[in-house]
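Structural overview
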Amino acid sequence: SDTNIFKFLNLNSKEKVFLDSKTCLPVKVERDIVFFGKKEIIEETYDQEKGQITIKRNGSEESKDILSQDTPIHNILELLYFFPQDVALEAGKWMTFNLPTQKIKIKMVKERVLKVNGINQDTYFLIGRGAKRFSLWLDKEEKMPLRLEFISLVGKVTVIRKPVLSAGREG
């Protein structure tokens, strides 16, 4: 991700999220971040059995922290981009998910049609509350995110999924 907002926030990051192939829960997250010109590498290791996350930081100084959290422990990228397939979405029902440093609540508001790249798609419209508020539109068939909006004091950040085109076509 690359962020540059009015020279107040200048952030570049590359994140790799490694998931357990059976549970789709995070096992490890690697972050390579450049924040205002300072490089930092962060590695999060998830121990789902112990309910612990080990966070190692390498930058101007090295540090290691161990956090405890109720299980299962999610990572925000894993949760939003690989929404749990076994979770039943019921309109109006809040669900709580554990992230390393907080719990977030997500509620399915309603089913709705979303126009993505000129194509109408059936979706689940969800809202989320935690450190940041967000809105999420999931494809009804595969629960894959089609649109994600983060609301903040400076405005709204919208992420839209690119269409997957068949072989031989460019997009």
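Below you will find a few notes about this structure. (Residues numbered from 1 in each chain as written. Predicted model: local features only at pLDDT ≥ 70, side-chain atom pairs only at ≥ 80, totals over all residues. Heavy atoms only, no water.)

Considerations on the pattern of salt bridges
Taken as a whole, this structure holds nine salt bridges when the rule is applied. Linking glutamate 44 and arginine 31 is a salt bridge whose minimum nitrogen-to-oxygen distance equals 3.0 Å. Residue glutamate 44 is located in strand 4 (residues 38-47), and its partner arginine 31 is located in strand 3 (residues 26-35); the two are separated by 13 residues in the primary sequence. Between lysine 103 and aspartate 70 there is a salt bridge; the shortest N-O distance is 2.7 Å. Highlighted residues: lysine 103 in strand 8 (residues 103-116) and aspartate 70 in the loop between strand 6 (62-68) and helix 1 (76-81), separated in sequence by 33 residues. (Salt bridge = Lys/Arg side-chain N within 4 Å of Asp/Glu carboxyl O. Helix = DSSP H or I, 4+ residues; strand = E, 2+ residues; numbered from the N terminus.)

Notes on the nonpolar core
The biggest cluster of nonpolar side chains holds 17 residues, and the ones touching the most others in it are Phe83, Leu89, Met95, Ile106 and Leu126. Elements with a contribution of two residues or more to this core: helix 1, strand 7 (94-98), strand 8, strand 9 (119-129) and strand 10 (133-139). Beyond its immediate sequence surroundings of up to four residues, leucine 126 is in contact with Phe83, Leu89, Met95, Ile106, Lys107, Met108, Val109, Phe134, Ser135, Leu136 and Leu138. Counting seven residues, the second-largest nonpolar core is a separate cluster that includes Val29, Ile33, Ile42 and Ile53. (Core = buried A, V, L, I, M, F, W, Y, C linked by side-chain atoms within 4.5 Å. Buried < 20%, exposed > 50% of the residue type's maximum accessible area, 1.4 Å probe, protein only. Contact = heavy atoms within 4.5 Å.)

Points about the packing of aromatic side chains
Summed over the entire model, instances satisfying the criterion amount to three aromatic pairs. Summarising the aromatic geometry, the rings of phenylalanine 125 and tryptophan 137 are spaced 4.9 Å apart at their centres and angled 40 degrees between planes, so their arrangement reads as tilted. Here phenylalanine 125 is found in strand 9, whereas its partner tryptophan 137 is found in strand 10, with 12 residues between them in sequence. The exposure classification of phenylalanine 125 matches that of tryptophan 137, with both residues buried. The lysine or arginine in question, arginine 112, covers the ring of phenylalanine 125, its NZ or CZ lying 4.6 Å from the ring centre. Positioned over the ring face of tryptophan 137 is arginine 147, at 5.5 Å from the centre of the ring. (Phe/Tyr/Trp six-rings, centres within 6.5 Å; stacked < 30°, edge-to-face > 60°. Lys NZ or Arg CZ within 6 Å of the ring centre and 35° of its normal.)

Observations concerning the sheet that holds strand 9
Spatially, 7-8-9-10-11-12 is the arrangement adopted by the six strands of the open sheet, whose pairing is antiparallel. The open sheet has two edge strands with one neighbour each: strand 7 and strand 12 (155-160). Between one strand axis and the next, the sheet turns by 25 degrees as a mean value, whatever way the strands run. With six bridges connecting them, strand 10 and strand 11 (residues 145-152) associate as antiparallel partners. Residue pairing in the sheet places leucine 136 in a bridge with leucine 148 of strand 11. (Pairing = 2+ DSSP bridges. Axes fitted to C-alpha atoms, helices over the stretch in contact; angles between N-to-C directions.)

Describing the side chain of asparagine 98
Assignment of secondary structure puts asparagine 98 in strand 7. Engagement of the side chain of asparagine 98 in a polar contact is seen with the backbone oxygen of proline 72, the distance being 3.2 Å. Apart from the residues lying within four places of it in its own chain, the contact partners of asparagine 98 are Gln69, Asp70, Thr71, Pro72, Ile73, His74 and Lys103. (Polar contact = N/O pair within 3.5 Å; in protein donor to acceptor, adjacent residues only side chain to side chain.)

By themselves, these figures tell us nothing about what the structure is for.
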